[in-house]
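So you can see what is in the structure, the chains are spelled out below.
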Amino acid sequence: KSLLLYCIFLGIFGAHNYYVGKFIKAIYMTTTFVFMTLFMILKNSGVGIDFVNYFYTFVALLQGVTIIMWIWDLISICFNKFKVPVYKEEFSKKD
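All figures in this text were calculated on a predicted structure; none of them were measured in a lab.

What follows concerns helix α4 (residues 50-78). Spacing of three or four residues puts side chains on the same side of an α-helix, whose turn is 3.6 residues. With 29 residues, α4 extends 42 Å from end C-alpha to end C-alpha; this agrees with the ideal 42 Å at 1.5 Å per step. Next to the buried residues of α4 lie α1 (2-10), α2 (15-20) and α3 (23-44). The first or second residue beyond α4 is N80, which carries a positive phi of 55°.

Structure follows, in structure tokens:
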């Protein structure tokens, strides 16, 4: 239940992925959200720099991928198909 709540309310930040240990995916989702917010602020502030508009478009595409991942994760959690990584002690044993 808590995984579903994380996904619903904080999923766009990747909180549900931090919760289950999928840190690469979580960092990607958090980073794209932060950059999208930053470039949105820069674009709306009237900064006339061309690279802001260029990177805004690029980051908006990445944010679109993030939203698709978030919706996919939400559906997967609702239908109990979300894969949670499992740690086994035998994986870390050295011979």
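On we go from here.
This part is about the confidence of the model for the chain. For the chain, per-residue confidence averages 84 on the pLDDT scale, and residues scoring 70 or more make up 88% of the total. Within the chain, the lowest mean pLDDT, 87, falls on α4, and the highest, 91, falls on α2.

As a further point, take the packing of α1 against α4. Two packed helices can be described by the angle between their axes and the distance between those axes. Contact geometry of α1 with α4 gives a least axis separation of 10 Å together with a crossing angle of 155°. Taken together, the axes of α1 and α4 are roughly antiparallel relative to one another. The chirality of how α1 crosses α4 is left-handed. Residues L3, L4, C7 and I8 of α1 form the contact with α4, whose participating residues are W70, D73, L74, I77 and C78. Its residues assigned to classes, the contact of α1 with α4 comprises eight nonpolar, no polar and one charged.

What counts as what
Residues numbered from 1 in each chain as written. Predicted model: local features only at pLDDT ≥ 70, side-chain atom pairs only at ≥ 80, totals over all residues. Heavy atoms only, no water. Helix = DSSP H or I, 4+ residues; strand = E, 2+ residues; numbered from the N terminus. Expected span 1.5 Å × (residues − 1). Contact = heavy atoms within 4.5 Å. pLDDT = per-residue confidence, 0-100. Axes fitted to C-alpha atoms, helices over the stretch in contact; angles between N-to-C directions. Parallel < 35°, antiparallel > 145°, perpendicular 65-115°, else oblique. Left-handed = near helix turned anticlockwise from the far one by under 90°. Nonpolar A, V, L, I, M, F, W, Y, C, P; charged D, E, K, R; others polar.

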